[in-house]
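Understanding the architecture of this molecule
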Amino acid sequence: MNTIDHHWQRFTLKQKLSRYAVYLVLVIAFVQSIQSVEVIPEFLLDAPEQMADMFSRMWPIDFAYYPVAVHDAIVETLNIATLGTLITLIFAIPLALMNASNIVNSAWCHWISRFFLVSSRSVNSLVWALLFVSIFGPGVIAGVLAIAFRSIGFVGKLLGEAIEEVNMGSIEALKATGASWMSILLKGYWPQVLPAFFSIVLFRWDINVRESAVLGLVGAGGIGVVLDDSMNLFQWDRVAMSLLAIFIIVILAEIVVVNIRKRLI
């Protein structure tokens, strides 16, 4: 009597070949990237010495420069992040409602909202800042609009997903009573989405504080302008002061967001 040996295999031959093909593509892409970057070995070998020289120029930190220019720039950076986040809500909330399938049952509305949400996320905040600087000129307005337009896609997408995940039982109950669309939205959807809404907005504000710190490098206001001026004048002790201020304000923003989320959510 012939016996047939059955050998268990985790992956089929087709799956193995697919995995190896992916590995091969990754290796080819890595090699191609290294060649296109054109890494100069001399610069790599000299980098530690140059870094040590830069840090030596940054010390001691010019703390006297903080009240002169850094403080006002930090306040301006926080204002840019806050105003940009608030303006975001004006556009993100309607787009989120249009993108939620349990709110709007229209493929055209879904495509239109997704177009704007994807367009917002696909353009970096620095690119938005360059665009608005060319329109409105250097200053805070360009920074606020850059932050706002960059954040629309983030807030709108996450808020739309939160709306789609609500419990429809209470919604159906309100519809059965003949409640108006606005009443259903405010009494049915809003209480369920409220925790996610605060979480998304606070998280995005935290991100915007970080992003607004560098928008000044392209003329969009904030601490980035002070940092760019100091770097152009090779005033490395003032550069260190600006970097330290950015680091502290980002840490404080993180602490504030975490504590607010604990109280509200």
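Residues numbered from 1 in each chain as written. Predicted model: local features only at pLDDT ≥ 70, side-chain atom pairs only at ≥ 80, totals over all residues. Heavy atoms only, no water.

1. Observations regarding the overall build of the protein chain
- A tally of regular secondary structure across the protein chain gives 10 helices and zero strands.
- When its helices and strands are written in sequence order, the protein chain yields α-α-α-α-α-α-α-α-α-α.
- Radius of gyration (C-alpha) of the protein chain: 26 Å, far over the 18 Å computed for a compact globule of 265 residues.
- Along the first, second and third principal axes, the C-alpha set of the protein chain runs to 75 × 75 × 40 Å.
- Counting only residues that meet the buried cut, the protein chain has 35% of its 265 residues in that class.
- For the protein chain, restricting intrachain contacts to residue pairs at least 6 apart in sequence, the fraction spanning at least 24 positions comes to 74%.
- By element, 69% of the accessible surface of the protein chain is carried by carbon and sulfur atoms, the whole surface being about 16800 Å².
- On the protein chain, the mean spot of the 17 positive side-chain charges and the mean spot of the 19 negative ones are 15 Å from each other. (Helix = DSSP H or I, 4+ residues; strand = E, 2+ residues; numbered from the N terminus. Rg over C-alpha atoms; globule rule 2.2 N^0.38 Å. Buried < 20%, exposed > 50% of the residue type's maximum accessible area, 1.4 Å probe, protein only. Contact = heavy atoms within 4.5 Å. Areas by Shrake-Rupley, 256 points an atom, 1.4 Å probe, with all protein chains shown as cover. Lys, Arg positive; Asp, Glu negative; His and termini not counted. Charge placed at Lys NZ, Arg CZ, Asp CG, Glu CD.)

2. Comments concerning the packing of aromatic side chains
- For the coordinates displayed, the defined rule picks out nine aromatic pairs.
- Seen in terms of ring centroids, phenylalanine 132 and phenylalanine 136 are 6.2 Å apart; in terms of plane orientation they differ by 25 degrees. Their pairing is stacked. With phenylalanine 132 and phenylalanine 136 both in helix 5 (residues 125-136), this residue pair falls four residues apart, about one helical turn.
- A connected cluster of aromatic rings, assembled from ring pairs, spans Phe91, Trp128, Phe132, Phe136 and Phe149. (Phe/Tyr/Trp six-rings, centres within 6.5 Å; stacked < 30°, edge-to-face > 60°.)

3. Examining helix 6 (residues 140-164)
- With 25 residues, helix 6 should reach 36 Å at 1.5 Å per residue; the first-to-last C-alpha distance of 36 Å fits that figure.
- Along helix 6, the helix axis deviates most sharply at serine 151, where the bend reaches about 35 degrees.
- Across the 25 residues that make up helix 6, a large majority, 18, are buried. (Expected span 1.5 Å × (residues − 1). Bend = angle between axes of the 7 residues up to and from the residue.)

4. Comments concerning the pattern of salt bridges
- Per the stated rule, a full pass over the model turns up four salt bridges.
- Lysine 157 is the salt-bridge partner of glutamate 161, the closest N and O atoms lying 3.2 Å from each other. Linking glutamate 161 with lysine 157, this pair stays in helix 6, spanning four residues, or about one helical turn.
- The class of glutamate 161 is partly exposed, set by a relative accessible area of 33%.
- Between arginine 210 and aspartate 206 there is a salt bridge, with its nearest N and O atoms 3.1 Å apart. Here the residue arginine 210 and the residue aspartate 206 both occupy positions in helix 8 (residues 181-212), the gap between them amounting to four residues, near one helical turn.
- The class of arginine 210 is partly exposed, set by a relative accessible area of 37%.
- According to the relative accessible area criterion, aspartate 206 is buried, its value standing at 4%.
- Counted as one network, the salt bridges with shared partners bring together Asp206, Arg210 and Glu254. (Salt bridge = Lys/Arg side-chain N within 4 Å of Asp/Glu carboxyl O.)

5. Focus on helix 8
- When the terminal C-alpha atoms of helix 8 are compared, their 38 Å separation across 32 residues is substantially less than the 46 Å that a helix rising 1.5 Å per residue should span.
- Its axis deflected by about 55 degrees at tryptophan 190, helix 8 carries its strongest bend there, up to four residues before the proline proline 191.

6. With respect to the packing of helix 3 (residues 65-99) against helix 6
- Where helix 3 meets helix 6, the axes come as close as 5 Å, and the angle between the chain directions of the two elements is 40 degrees. By the angle between their axes, helix 3 is oblique relative to helix 6. Judged by the sense of rotation from one axis to the other, the crossing of helix 3 with helix 6 is right-handed.
- By residue class, the composition of the contact of helix 3 with helix 6 is 19 nonpolar, eight polar and two charged. (Axes fitted to C-alpha atoms, helices over the stretch in contact; angles between N-to-C directions. Parallel < 35°, antiparallel > 145°, perpendicular 65-115°, else oblique. Left-handed = near helix turned anticlockwise from the far one by under 90°. Nonpolar A, V, L, I, M, F, W, Y, C, P; charged D, E, K, R; others polar.)

7. As for the environment of asparagine 99
- For asparagine 99, the location among the structural elements is in helix 3.
- Among the residues examined, asparagine 99 registers a relative accessible area of 12% and is labelled buried.
- Once the C-alpha coordinates of asparagine 99 and alanine 52 are considered, the two residues, 47 residues apart in sequence, prove to be 51 Å apart.
- Residues in contact with asparagine 99, not counting those within four places in the same chain, are His110, Ser113, Arg114, Leu117 and Glu164.
- Within polar-contact distance, the side chain of asparagine 99 engages the side chain of arginine 114 at 3.1 Å. (Polar contact = N/O pair within 3.5 Å; in protein donor to acceptor, adjacent residues only side chain to side chain.)

8. A few points about unusual backbone geometry
- The phi angle at phenylalanine 234 is positive, at roughly 55 degrees, despite the residue not being glycine.
- As for its placement among the helices and strands, phenylalanine 234 is situated in the loop between helix 9 (223-232) and helix 10 (236-264).
- Residue classification places phenylalanine 234 among the exposed residues on the basis of a relative accessible area of 62%.

9. Focus on the side chain of arginine 150
- Within the element layout of this structure, arginine 150 appears in helix 6.
- Buried and without a salt bridge, arginine 150 has glutamate 211 as its closest oppositely charged side chain, separated by 4.1 Å.
- Leave out the neighbours within four places in its chain, and arginine 150 touches Ser120, Arg121, Ser122, Val123, Asn124, Ser125, Trp128, Arg204 and Glu211.

Note that all results are geometric; they support no functional claim without further evidence.
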